Amino acid sequence: MGAYVIRRLAYGVGVIVGVLFLLFLLFFTVTQPDDIARRALGEKVSVEVIEQWKVNHGYDRPLWPWQDWDDNLLFEHYRRMLTFDFGVSDADDSPIIDRIRAGVGPSLSLTVPLLVLGILGGIPLSLLVAFFRETYIDRTGVFLCVLAMSVSIILYIVGAQYLIGKVLRWYPISGFDADLLMLPRFLALPIIVGLLSGIGGDVRFYRTVFLEESTRDFIRTARAKGASEPRIMTHHVLRNALIPILTRVVLAIPFLFTGALLLEAFFGIPGLGSMTFDAIQANDFSTLRTMVFIGSLAFVLGQIATDLSYGLVDPRVRFE
Amino acid sequence: MSALLEVRDLATEFPGKQEPTRVVDGVSLDLDRGEVLALVGESGSGKSMTALSLLRLVPKPGRVSAGQVKLDGQDLLGLSVTEMRRIRGGRISMIFQEPTTCLNPVVRVGVQVMEAIALHETVTPADARARTRELFAEVGIPDPDARLDAYPHELSGGLKQRVMIAMALSTRPEILIADEPTTALDVTVQAQILSLLRALQRDRNTAILLITHDLGIVNELADRVAVMYAGRLVEVAARRDLLADPLHPYTKGLLRSIPARSQAGERLPEIPGVVPPPDQWPRGCRFSTRCAERFEPCAEIFPQEIRPGVGRRVWCHEVERSRTAVGNEGDREGETS
Amino acid sequence: MMQIEPYIFSNVVTLLLILGGAFVARSVSRERLWREAAVTLWTRRRFAIVVVGLYMTIGLFDSVAWKGGIPEDAIDVLPNAPLTLVDRAFLGTKEASYSSPFASVEFYGGSALKHPGSHPFGTDILGRDVLYLSLKGARVALLIGGLTSLIAIPLALIFGVGAGYFGGRFDDFVFFLISTLASMPGILLLIALIMAMGRGTLSVCIALGVTSWVGFCRLTRAETLKLRELDYVYAARALGVPEFRIVLRHILPNLAHLIVITFVLMFSGLVLSEAVLAWLGIGVDGSWGQMIDGARDELSRDPIIWWNLLASGASLFVLILAVNAVGDAIRDVLDPRTLKEPS
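Since the structure is predicted, the reported quantities are computational estimates derived from the model, not experimental observations.

Rules behind the numbers
Once a new chain begins, its residue numbering starts again from 1 and follows that chain's sequence as written. Chains and ligands are labelled sequentially in the order written, the chains with letters from A and the ligands with numbers from 1. Only residues with pLDDT of at least 70 get local features here, since the model is predicted, and only at 80 or more are side-chain atom pairs given and counted; chain-wide, interface and lining totals rely on the full set of residues. Remark: hydrogens and water are excluded; side-chain values derive from all non-hydrogen atoms of the structure. The way it works is that DSSP assigns letters per residue, a run of H or I at least four long becomes a helix, a run of E at least two long becomes a strand, and they are numbered from the N terminus. Contact definition: two residues touch when any of their heavy atoms are within 4.5 Å. In this analysis, strands are considered paired if DSSP registers two or more bridges between them. Orientation is described by lines fitted to C-alpha atoms, with helices fitted over the stretch in contact, and by angles between N-to-C directions that extend from 0 to 180 degrees. Values labelled buried area give the accessible surface lost by two parts on being combined, using a 1.4 Å probe and summing over both. By definition, a salt bridge exists where a carboxyl oxygen of Asp or Glu is found within 4 Å of a side-chain nitrogen of Lys or Arg. Polar contact is the term for a pair of N or O atoms within 3.5 Å; when the atoms are in protein, one must be able to donate a hydrogen and the other to accept it, and sequence-neighboring residues count only if both atoms are side-chain atoms. In this scheme Phe, Tyr and Trp rings, the latter by its six-membered ring, pair at centre separations within 6.5 Å, and the angle between planes marks the pair as stacked below 30 degrees, edge-to-face above 60, and tilted otherwise. When accessible area is computed with a 1.4 Å probe and restricted to protein chains, residues below 20% of their type maximum are described as buried, those above 50% as exposed, and intermediate ones as partly exposed. By definition here, charges over rings are those cases where NZ of Lys or CZ of Arg is within 6 Å of the ring centre and within 35 degrees of the ring normal. Side-chain classes follow a simple rule in which Ala, Val, Leu, Ile, Met, Phe, Trp, Tyr, Cys and Pro form the nonpolar group, Asp, Glu, Lys and Arg form the charged group, and the remainder, Gly included, forms the polar group.

**Q** Explanation requested: the side chain of Asp202 of chain A in the structure shown.
**A** In this fold, Asp202 of chain A is placed in helix α8 (residues 183-214). Setting aside residues up to four positions removed in sequence, Asp202 of chain A forms contacts with Gly118 and Arg248 of chain A.

**Q** Explain the sheet that holds strand β8 (residues 207-212) of chain B to me, please; I cannot follow it from the model alone.
**A** Neighbouring strands of a sheet are bound in pairs by backbone hydrogen bonds; such pairs are parallel or else antiparallel. Residue and element names in this part refer to chain B. Here we have 8 strands laid out as an open sheet, ordered β6-β7-β8-β3-β9-β10-β12-β11, and mixed in their pairing. Two strands bound the open sheet, and with one partner strand each, they are β6 (92-95) and β11 (306-309). In this sheet, neighbouring strand axes are inclined to one another by 20° on average, regardless of whether the strands run parallel or antiparallel. With 5 bridges connecting them, strand β3 (residues 36-40) and β8 associate as parallel partners. Each residue of the ladder has a partner; that of Ala38, found in β8, is Leu210. Where helix α1 (residues 47-54) meets the sheet, it contacts β3, β6, β7 (175-179), β8 and β9 (224-229), and its direction lies at approximately 145° from that of β8. In the packing of helix α11 (residues 249-256) onto the sheet, the strands contacted are β9 and β10 (232-238), and the crossing angle to β9 comes to about 105°.

**Q** Mind showing me how you'd approach the interface of chain C and chain A here?
**A** A common way to express how large an interface is: the accessible area buried when the components associate. Chain C puts 42 residues into the contact, and the matching count from chain A is 47 residues. Summed over both sides, the interface between chain C and chain A buries roughly 3,700 Å², with carbon and sulfur atoms accounting for 76% of that surface. Here chain C and chain A share 1 salt bridge between them. Between Asp328 of chain C and Arg204 of chain A there is a salt bridge, with the nearest N and O atoms lying 2.6 Å from each other. At the junction of chain C and chain A, the tally comes to 6 residue pairs in polar contact (both at pLDDT 80 or more).

**Q** How should I be thinking about the pairing of strand β4 (residues 63-71) of chain B in this particular structure?
**A** Two faces, one strand: in a regular strand the side chains alternate between the faces of the sheet. All names here are of chain B. Note that strand β1 (residues 5-14) and β4 share 7 bridges and pair antiparallel. The residue bridging Thr12 from the neighbouring strand is Val64, located in β4. Here β4 pairs with strand β5 (residues 74-75) via 2 bridges, running antiparallel. Residue Leu71 lies in a different strand from β5, and its bridge partner there is Gln74. Hairpin connection, β4 to β5: the antiparallel pair is bridged by 2 residues, and Asp72 has positive phi, about 55°.

**Q** Honestly, the sheet that holds β5 of chain B in this entry has me stumped. Any pointers?
**A** Residues and elements named next belong to chain B. If you trace the 4 strands from one edge of the open sheet to the other, you get β2-β1-β4-β5, paired in antiparallel fashion. Of all the strands in the sheet, just β2 (21-31) and β5 have a single pairing partner and so form its edges. Together, β1, β2 and β4 form the strand contacts of α1, whose direction differs from that of β1 by roughly 115°.

**Q** Honestly, the packing of aromatic side chains in this entry has me stumped. Any pointers?
**A** What characterises a pair of aromatic rings is the spacing of the ring centres plus the angle enclosed by the ring planes. Following the criterion strictly, the structure yields 26 aromatic pairs over all chains and no others. A centroid spacing of 6.1 Å and a plane angle of 45° characterise the contact between Tyr11 of chain A and Phe175 of chain C, whose relative ring orientation is tilted. Here Phe175 of chain C lies in helix α6 (residues 168-182) and Tyr11 of chain A lies in helix α1 (residues 2-30), a pairing that spans two chains. For the pair Phe21 of chain A and Trp64 of chain A, a centre-to-centre distance of 6.4 Å together with 50° between the ring planes defines the contact as tilted. Of this pair, Phe21 of chain A sits in helix α1 while Trp64 of chain A sits in the loop between α3 (47-56) and α4 (73-82), and the two are 43 residues apart along the sequence. By relative accessible area, which is 17% here, Trp64 of chain A ends up buried. By the ring-pair criterion, three or more aromatic residues cluster together here, those being Phe21, Phe24, Phe28, Trp64 and Trp66 of chain A. Here Arg286 of chain B stacks its cationic end above the ring of Trp281 of chain B, 4.0 Å away from the centre of that ring.

**Q** So what exactly am I meant to see when it comes to the interface of chain A and chain B here?
**A** With 22 residues of chain A at the interface, the matching set in chain B holds 24 residues. Here chain A meets chain B over a buried area of about 2,100 Å², counting both sides, of which 60% is carbon and sulfur. Taken as a group, Arg220, Ala224 and Lys225 of chain A account for 29% of the area that chain A buries against chain B, more than any other trio of residues on that side. Counting across the interface, chain A meets chain B through 2 salt bridges. Counting every contact that joins chain A to chain B gives 12 residue pairs in polar contact (both at pLDDT 80 or more). Among the secondary structure elements, those contributing two or more residues to the side of chain A that touches chain B are α9 (217-225), α10 (229-267) and α13 (315-318) of chain A. Counting residues per element, the side of chain A that touches chain B draws most heavily on α9 of chain A, which supplies 7 residues. A per-class count over the side of chain A that touches chain B returns 7 nonpolar, 6 polar and 9 charged.

In short, shape yes, function no, at least from these values alone.
Below, the structure written as structure tokens:
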């Protein structure tokens, strides 16, 4: 097991190296530093101002190691990203790392409850639907799921903000207050929207997993032993279903970025997603670079954690 | 004296394109206490479905559509689901063909056997574990203490099947249904499992309904044999009678095609043709399309059951014709065996 | 060299697509299995298929453009602009500003409309008929969903089958590439790509293509690894059949059902992704997502303006629902367990 952990971590490191390289390609070669400068400063500035801007933001060095081994942007890029030396924003020259520190809290306060509630709600619902397979409960459930999945999250946001925020006035349309008492009120709408938009896909996925496990041979053995259907669901099906469900939960992590991006931006939560949104609007490339890196890092760590946790759920993996 | 298990006109059907397909079509059998009845047939003959029907484990969308299955006089098909669950694993146990997929891969094998016990009796966990350990020793699992905590993937095929047998016999059932228990195992392991089953059967006087397509196994274990073809019985007899003097052309063909019985240097006899799919079953005898002894009534009229001897039943016009021609008396009415 | 104008390019591509579609339909009708699958699909999801067909037809009408033929008094278009069938159908319907569905007066101010009662979904802030805008969105959606898939899927096949079949360094490279791309949350990669390439329709399509080919590539690679080990493939290699032919005649046909399923499922995912991008400000011009983005503020007005949101939201929802419904049915029908043995 130890060797497996090391191999997995090493591969994760390799992937991060690849991601950083891709980011370098995108943000330094596909977009030229001149373009970045122009987007930040405006089209009509003189060449000197652009050059000065490039010097200030460190874009004036050669790009590749073979041009200058000691001073090139590629190595600089790697060094700084890996040491979390993110520099300043292209838009307002504020230190990126400070804004990240400030944004982590609000982001987590939204995404963690969202993830947890999604699982706590999705799994029992799907168990129910899978238990009543082939009945009208099942069919209605699947139909509702497809319906819910076909509604874009942007429609959910608009709908919820209008109906619940404006018409019913249950919760504020947007805003944030770090005070623990006030926080739930501001998180309520984004969490509701996040759950609504995710539940269709979740339930349908879990249901498929449960149904697949339900038709396995060892379930027939359990029935032949005289086990009751509810017991079969909880003791046999669920335990085996945890393996693919675990994968799905990991895949939910990037959705925390998508959803969080939109949810934060449009519900006024000052988290990392909001930061990314602002960076898009302002053409702030250094911030964008950093956010994509952070997001990928978190995702890779999440994937590694899931892979390693398979050992907990699936005894067949433990003895690799 | 009535038999332990009496099956009468059992029919199991699956929905088809126009009409439902009867994969088990009017099967009647008896199983006495402590006897081994082999149910023989090719794939698709309906033998596995018959076994599943007895325990009402037919997978959806199939269902048992007619007949009676009487265990000690009580019709299992009429029981409530709760009552049926008590029978399953309690009075009738079943083991299956592929031990690898039949055990829950994420649960230790000891726990799975203990579950079988706990579902039917109130025992303390310690008692259940002790009993399981004894069972493991009884079915020949070496180092039973260590194996109690093993996961299925850590065991060989033979060991897994022994675990399945232990699980099935843990509640001392009166009947064990074994659906091709050795087909998925190596030949050497097969022999071990067979002798294990034989020993256990004798010790506990458990009746066994053995589903198989292998006549060699029939020879080793069976007291009586029932042959199925395309959803129906074609011949039932005591083992010695069947092997020495088969009556139905299908049985004859099966026995002729055993390599051990053929002459060296000669072409191995085979039954020409293939089993017809359900939508191409003839109105009469279903074997008629491949039968060398077929004549006019065979394709149109289904043969009635005839009893040409003690404990023998056969469904064949040709047998009937040769019997009436010879003027054979010896049929006995009112008793199935 | 003469610069090819966008509308001519679009016309040519549309023609190629139609021909391609006809060709595919003909080859499908020849294979009994596919024919039966198509019939089953039609029986089960007639309504949804019709809906999708409707959208496709509208998209087609909006893809064929030509210059000229504009009446003299048309004020809202340039005299030499290429106009599509849809454009021409709505020529001259522009009002001054907002009006509600079927209204006869303007929403603000109440002055009379040029075409009272003839706007089923009202008009937007520039006075354009909202139905017209929604219909034009169909082409955008089909472009995003369909065209991008048509690029992403062959790409995924080339890399996936190549990696799975030939193995070696190429496989290592592809696997690393997939892992790297798959380690970036999709939306972030999308944003990075679009920001780097500059906003615009082409960037969005390329970005969507780059982010979506990865999943399918993984799948084809895994399937190819399995298929390569099948006995008849070994037999073909032993007989000296050239590798390329093996891939073409034995591997690819067995991936066909996966291709179809992936195409349909990818479609709705792509369209929904673009809607999100539109809200982030980096979507495609004229998409429903962009319309919904614009409609957000209108809801907070008093009295509220709701018809923009309704038309674009409904158009988006209905298409996605229909495609999902068809996609589900396709997945059931083409389930490998019900398909024949590999050929």
